[in-house]
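Spelled out, the chains give:
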Amino acid sequence: MPSYRPPKIASSEITPRQLYLRRREFLGAAALGAMALYGAGKASAAALSAVGSKYKVDEKPTPLKDVTTYNNFYEFGLDKADPAANSGDFKPLPWTVKVDGMVNKPGTFDLEALMKEFPIEERTYRMRCVEAWSMVIPWDGFPLASLLDKVEPLGSAKYVAFETVVRPDEMPGQKGFFQSLDWPYVEGLRLDEARHPLTLLAVGLYGETLPNQNGAPIRLVVPWKYGFKGIKSIVRMTLTDQQPKNTWQVTNPQEYGFYANVNPAVDHPRWSQASERRIGESGFFGASRHPTLPFNGYADEVAGLYAGMDLKANF
Ligand SMILES: Nc1nc2c(c(=O)[nH]1)N[C@H]1C(S)=C(S)[C@@H](COP(=O)(O)O)O[C@H]1N2
Ligand SMILES: [Mo]
């Protein structure tokens, strides 16, 4: 994806399908280039695909229709269908992201320029919402670490705080018609979580520009944490030495913590987290259930970040 492509396809000579296929080729090449940067350049083809596998979960992707019509994005309403129905007036371009706080090189970055600077990779991740449903989503994006490296965090920085845009005129849920959340929606990660190679800033899905309802034009994806950590439509990131609050923790600290690592052994106060309903799949008795995995199946990659921590206390 050499530059940000607006959601409506303008060119009449190229069918969306051709564009989609061509773009997948491009993404494939970009992903290989990125793996060379990880030091896999001299590895055999087999080793290379092993390196790639943690970025491509071996499960059937959730149909695009479900990924784009079953959403949580309270800026556009409370129901799962609201974000698709109410986000049509949202204008994701032009867009800038401000990165400030405890860094050597703070800045306000144009998103399209960042997308030219960092190779866009395709990553199919298992996603698990705290509400006990899940999806498998092919994201397109670049590692958050790439942007953090660019601003050079100070040695004293310990966390990254994130903020969603506030635009009541384009986001009807922010107009206060109903009592929901305080705006802006905010989130936070520990700096080592933010720098982890799995942590992605997504700018697309299914090889297409990110739909408004999924967090256009840029949103966070942290696949080993509950879905609410994936803050959408990000306008600001601030490096800090204080643990940032997240919106759900502010709303209800008994039920939602800072870490929010997917953990089948620690139930939500009002429901079990041991299994999940896979959206878009139907089983004999309705939607099929899958067992929930520790760290959402990414334990080999991320459990070490929490060595020695009590994960019941730090939920
Ligand atoms: N700004 C903002 N980001 C948000 C939310 C939100 O309401 N506002 N909802 C979160 C929740 S609870 C989930 S499960 C995911 C859903 O992402 P998806 O709709 O792309 O699946 O977005 C997260 N990011
Ligand atoms: Mo969620």
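Residues numbered from 1 in each chain as written. Chains lettered and ligands numbered in written order. Predicted model: local features only at pLDDT ≥ 70, side-chain atom pairs only at ≥ 80, totals over all residues. Heavy atoms only, no water.

> Where do I start with the site of ligand 1 in this structure?
Taken together, 16 residues lie around ligand 1, and Asn71, Tyr74, Glu75, Gly230 and Lys232 are the ones closest in. Residue Asn214 places a side-chain N or O atom 3.0 Å away from an oxygen atom belonging to ligand 1. In the environment of ligand 1, an oxygen atom lies 2.7 Å from a nitrogen or oxygen atom belonging to the side chain of Lys232. Coverage of ligand 1 by the protein amounts to 96% of the 540 Å² it exposes when considered alone. Residue composition of the shell around ligand 1, grouped by class: seven nonpolar, six polar and three charged. (Near = heavy atom within 4 Å. Polar contact = N/O pair within 3.5 Å; in protein donor to acceptor, adjacent residues only side chain to side chain. Areas by Shrake-Rupley, 256 points an atom, 1.4 Å probe, with all protein chains shown as cover. Nonpolar A, V, L, I, M, F, W, Y, C, P; charged D, E, K, R; others polar.)

> What is the right way to read the packing of aromatic side chains from this model?
Any aromatic ring pair is given by two values, namely how distant the centres are and how the planes are angled relative to each other. Applying the stated rule across the entire model yields 13 aromatic pairs. Consider the rings of Tyr70 and Trp133, whose centres lie 5.1 Å apart with planes at 90°: the pair is edge-to-face. Of this pair, Tyr70 sits in the loop between helix 3 (64–69) and helix 4 (82–86) while Trp133 sits in strand 4 (residues 133–143), and the two are 63 residues apart along the sequence. Judged by its relative accessible area of 10%, Trp133 falls in the buried class. (Phe/Tyr/Trp six-rings, centres within 6.5 Å; stacked < 30°, edge-to-face > 60°. Helix = DSSP H or I, 4+ residues; strand = E, 2+ residues; numbered from the N terminus. Buried < 20%, exposed > 50% of the residue type's maximum accessible area, 1.4 Å probe, protein only.)

> Can you walk me through the pairing of strand 10 (residues 234–240) in this structure?
Moving residue by residue along a regular strand, the side chains alternate between the two faces of the sheet. The element strand 10 is largely enclosed, with a buried count of five among its seven residues. Direction of pairing for strand 1 (residues 96–101) relative to strand 10: parallel, over a ladder of four bridges. Of the residues in strand 10, the one forming a bridge with Val99 is Met237. Strand direction decides the pairing type here: strand 5 (residues 159–164) and strand 10, joined by six bridges, are antiparallel. Among the inter-strand pairings, Ala161 is bridged to a residue of strand 10, identified as Thr238. (Pairing = 2+ DSSP bridges.)

> What is the right way to read the pattern of salt bridges from this model?
Between side chains of opposite charge, a pair can form as their charged atoms come close. Under the counting rule described, the total for this entry stands at 17 salt bridges. As a salt-bridge pair, Arg236 and Asp100 come within 2.6 Å of each other at their nearest N and O atoms. Of the two residues, Arg236 is situated in strand 10 and Asp100 in strand 1; the sequence distance between them amounts to 136 residues. Accessibility expressed as a relative area gives 28% for Arg236, which makes it partly exposed. The exposure class assigned to Asp100 is buried, which follows from its relative accessible area of 11%. (Salt bridge = Lys/Arg side-chain N within 4 Å of Asp/Glu carboxyl O.)

> Hey, could you run me through the side chain of Asn246 in this one?
Relative to the assigned elements, Asn246 resides in the loop between strand 10 and helix 8 (247–251). Relative accessible area serves as the criterion here: at 0%, Asn246 is assigned to the buried category. A distance of 3.2 Å separates a polar atom in the side chain of Asn246 from the backbone nitrogen of Trp248. At 3.1 Å, the side chain of Asn246 forms a polar contact with the backbone oxygen of Gly257. Setting aside its immediate chain neighbours within four residues, Asn246 contacts Val186, Glu187, Phe228, Lys229, Gly257 and Phe258. (Contact = heavy atoms within 4.5 Å.)

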